[in-house]
Amino acid sequence: MRCHRARRLLSAYLDDESDARRRESLESHLAGCRACSSELAKLRAQWDALAEADQPPALPADLWPQVLVALDEAERLPWHRRYRGRLLQAACVTACVILGFCGGAILSWRIAPAPSSVPVGERMLVAEAFDAPAFGLGEGKEDLLRCVPK
Amino acid sequence: MRPRDDSKLMQDLAAGDRQALQELYERHAERVFRTAFRFLHDKDEARDITQSVFVTIMQSAGRYRPEARLTTWIYRIVVNRCLDHRAGADRRMRTVLTDREIEQIPASEADRPDRIAQRAEQRAQLLAAIRELPKRQRLALILRRFEEQSYDEIAVALGCSRKSLESLLVRAREALARHFSK
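Conventions and cut-offs
Residues numbered from 1 in each chain as written. Chains lettered and ligands numbered in written order. Predicted model: local features only at pLDDT ≥ 70, side-chain atom pairs only at ≥ 80, totals over all residues. Heavy atoms only, no water. Helix = DSSP H or I, 4+ residues; strand = E, 2+ residues; numbered from the N terminus. Buried < 20%, exposed > 50% of the residue type's maximum accessible area, 1.4 Å probe, protein only. Contact = heavy atoms within 4.5 Å. Areas by Shrake-Rupley, 256 points an atom, 1.4 Å probe, with all protein chains shown as cover. 1 Å grid on protein atoms, 1.4 Å probe; cavity = no way out; pocket = protein on both sides within 12 Å on 5 of 7 lines; lining within 4 Å. Points joined across faces, edges and corners; volume = space filled by probe spheres on them. Nonpolar A, V, L, I, M, F, W, Y, C, P; charged D, E, K, R; others polar. pLDDT = per-residue confidence, 0-100. Salt bridge = Lys/Arg side-chain N within 4 Å of Asp/Glu carboxyl O. Axes fitted to C-alpha atoms, helices over the stretch in contact; angles between N-to-C directions. Parallel < 35°, antiparallel > 145°, perpendicular 65-115°, else oblique. Left-handed = near helix turned anticlockwise from the far one by under 90°.

Regarding its fold elements, chain B presents 10 helices and 0 strands. Going residue by residue from the N terminus, the α and β elements of chain B occur as α-α-α-α-α-α-α-α-α-α. The burial tally for chain B puts 51% of its 182 residues in the buried class. Sequence-distant contacts in chain B: of pairs separated by 6 or more residues, those separated by 24 or more amount to 61%. Surface summary for chain B: the accessible area is close to 9,500 Å², and the carbon and sulfur share equals 47%.

Have a look at this one:
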């Protein structure tokens, strides 16, 4: 095992959350690598220091009555305010579906060839012109017709 | 009378029993408040989050499935509340402790004033380092280090895979180590 890989495994190892295979290979690496062993010691000391530094305040004694008040308020809310979050989610999903549908429709409209606005008479004339043996373009007539300026 | 277990309390709560909520509050409020405080470092904000978590517990009791431990389910609500916590309040978070906060740090009587000051300084640096972590790394670290939850439970609470959680904790530890080596 290389040091880079070993360092990634140190965290789970310290938390005793490594599986047996990883633990064994890490331990055999640590036995022969002073740098990684010292890194492990550093991480362990740092982890212990966190616990010493941590002093959260006690739960405020007057919080429970406030929870009851908040609960009463939440129950008094009209249904649309109570479910505002879920309504918003549903509105977002609906908006995305509509946007996707419209976007798809616009894209397919732009990609599809536009119908020619050249009058039939003119188209026939051009077709005949390209059909002339001198041009030798009889095969590509339909494609060229699309290129006729509108 | 035997105390009701968590699943029974949740069942009764879903049926509208407010007494069940009080029992749940007595059992779990401390950990909810602690976690929110460690995340936000603001007592008033932690109160608000605790309050809102218990309102959610009451409203969502019917959706609780006893396959998961109740504490994990509650931590998931706490995590969501903390992550949704408005950006304004997050901006207000300070990365250094005030003099008043440092003075309030308890010290043993045997400590000399210079040692007290040194320890207070070290503590302030550590807490500042935790506050600077990205939100998800901070929550992963709090749930692991202080709440002693298993990786599987934290992964459920954070809504991520175990592998992602491992990576969050590795990065959190690396960030703290960088902070220490400054």
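Having seen the structure, we can now continue with the description.
Right, let's get into empty space enclosed by the protein. In this approach the atoms are scanned with a rolling probe the size of a water molecule, which exposes any empty space left behind. The final tally for this structure, using the stated rule, is 1 cavity of 30 Å³ or more. Considered as a void within the structure, the largest cavity measures approximately 40 Å³ in volume. Tallied by class, the residues present in the lining of the largest cavity amount to 3 nonpolar, 1 polar and 2 charged.

Mean pLDDT over chain A works out to 79, with 69% of the residues at or above the 70 mark. Low pLDDT, under 50, characterises residues 133-137 of chain A; the stretch is placed with 4 contacts to residues that sit more than four places away or in other chains.

A word on the pattern of salt bridges. Any two side chains of opposite charge can pair, on the condition that their charged atoms come close. Evaluation of the coordinates by the stated rule reveals 20 salt bridges over all chains. In this structure, the salt-bridge partner of R7(A) is E39(A), at a minimum N-O distance of 3.9 Å. Of this pair, R7(A) sits in helix α1 (residues 3-14) while E39(A) sits in helix α3 (residues 34-53), and the two are 32 residues apart along the sequence. Of the residues examined, R7(A) reaches a relative accessible area of 32% and is grouped as partly exposed. For E39(A), a relative accessible area of 17% corresponds to the buried category. Among the salt bridges present, the one from R4(B) reaches D17(B), with a minimum N-O distance of 3.0 Å. Highlighted residues: R4(B) in the segment before α1 (6-14) and D17(B) in the loop between α1 and α2 (18-40), separated in sequence by 13 residues. According to the relative accessible area criterion, R4(B) is buried, its value standing at 17%.

Let us now look at unusual backbone geometry. Residue and element names in this part refer to chain B. In the Ramachandran plot, H41 falls in the positive-phi region, its phi being about 55° despite a non-glycine side chain. Within the secondary structure layout, H41 lies in the loop between α2 and α3 (43-60). Unlike most non-glycine residues, E148 shows phi in positive territory, near 55°. Checked against the element boundaries, E148 lands in the loop between α8 (135-146) and α9 (151-158). Among the residues examined, E148 registers a relative accessible area of 60% and is labelled exposed.

Residues and elements named next belong to chain B. Among the structural elements, I142 can be located in helix α8. By relative accessible area, I142 is classed as buried at 0%. The spatial distance from the C-alpha of I142 to the C-alpha of T35 is 7.0 Å, given a sequence separation of 107 residues. Filtering out sequence-adjacent residues up to four positions away, I142 remains in contact with T35, R38, F39 and E147.

With that settled, the discussion passes to the packing of helix α2 (residues 20-32) of chain A against α3(A). Residues and elements named next belong to chain A. Where α2 meets α3, the closest approach of the two axes is 6 Å, and the angle between their N-to-C directions is 110°. It follows that α2 is roughly perpendicular to α3 by the angle criterion. Seen along the crossing, α2 lies across α3 with a hand that is left-handed. In this structure, α2 contributes H29, L30 and G32 to the contact, and α3 contributes R34, C36, S37 and L40. When grouped by side-chain class, the residues that make up the contact of α2 with α3 number 3 nonpolar, 3 polar and 1 charged.

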